[in-house]
Amino acid sequence: MEPIVTKRLLLRQFVIGDFESLRDIQSRPEVTRFLYWGPRDDDEVRKGLKLRQSRTSLDGLDSVIEYAVVARESGLLIGDVQIALVSAEYRTGELGFVFHPAHHGLGYAREATTELLRVGFDELGLHRIIGRCDARNTASAGLMGRLGMRREAHFRRNEFVKGEWCDELVYAMLAEEWANRQTR
Ligand SMILES: CC(C)(COP(=O)(O)OP(=O)(O)OC[C@H]1O[C@@H](n2cnc3c(N)ncnc32)[C@H](O)[C@@H]1OP(=O)(O)O)[C@@H](O)C(=O)NCCC(=O)NCCS
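Here's a quick rundown of the structure. (Residues numbered from 1 in each chain as written. Predicted model: local features only at pLDDT ≥ 70, side-chain atom pairs only at ≥ 80, totals over all residues. Heavy atoms only, no water.)

On to the environment of Ser27, then. Position of Ser27 relative to the elements: it lies in the loop between helix 1 (19-26) and helix 2 (29-32). Considered as a pair, Ser27 and Ser140 are 113 residues apart in the sequence and their alpha carbons are 19 Å apart. If we ignore the near neighbours within four places in the chain, the residues touching Ser27 are Pro39 and Arg40. (Helix = DSSP H or I, 4+ residues; strand = E, 2+ residues; numbered from the N terminus. Contact = heavy atoms within 4.5 Å.)

On to the pairing of strand 5 (residues 92-99). Most of strand 5 is tucked away: 8 of the 8 residues are buried. Judged from the 8 bridges that link them, strand 4 (residues 77-87) and strand 5 form a sheet pairing that is antiparallel. Each bridged residue has a counterpart across the sheet, and for Ala84 the counterpart in strand 5 is Glu94. Hairpin connection of strand 4 to strand 5: 4 residues between the antiparallel strands, including Arg91 at a positive phi of 45°. Handedness of the crossover joining strand 5 and strand 6 (residues 128-134) through helix 4 (residues 108-123): right-handed. (Buried < 20%, exposed > 50% of the residue type's maximum accessible area, 1.4 Å probe, protein only. Pairing = 2+ DSSP bridges. Right-handed = clockwise from strand over helix to strand, strands pointing away.)

And the structure:
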């Protein structure tokens, strides 16, 4: 994977030295509230970081590319974004994104995830990219809407997560929608 430079951000492979910054994100209950996991302890963060360091290409089902998101001005690691291959046959990918709360509300997540769509469609030739979130996660749903993804589903109480049945939203974008968006 090649690093990506945007106006304000650097997206790069995770390195061992990212442990403390990643822990500061993943150990926070407010960050992991609507995720399947967390808050994470040190061991869990360490294992997660090792996995992240190894996820550098989409080369088979369930493969993932993970990017550490660094604010160029400060050099701080502010988030973690990923694109996963959920169907090789149908060339379908899925986005994931988690940012430190000190860096929410500034458009950083949008700037980074736009690059995931670009990599997925323009470089990897995906046909469709989806994103999923807990229906109560308005920040996540808002981001996917701002990215131009369509809300395709609202599943009622379909997953049992952290002791309760939860609703799930599914957003998606097709390659042709991405291409039209580019030329608008
Ligand atoms: C989901 C998440 C990544 C969204 O982050 P975010 O910062 O709200 O998203 P964006 O980058 O699109 O920022 C949008 C906000 O920045 C503002 N903004 C400020 N400067 C901006 C700029 N230069 N460009 C774009 N937006 C800007 C927008 O007006 C918007 O503000 P609003 O939320 O008050 O309407 C974040 O809430 C998060 O990490 N949550 C915890 C983990 C999680 O739940 N992840 C998703 C799992 S499915």
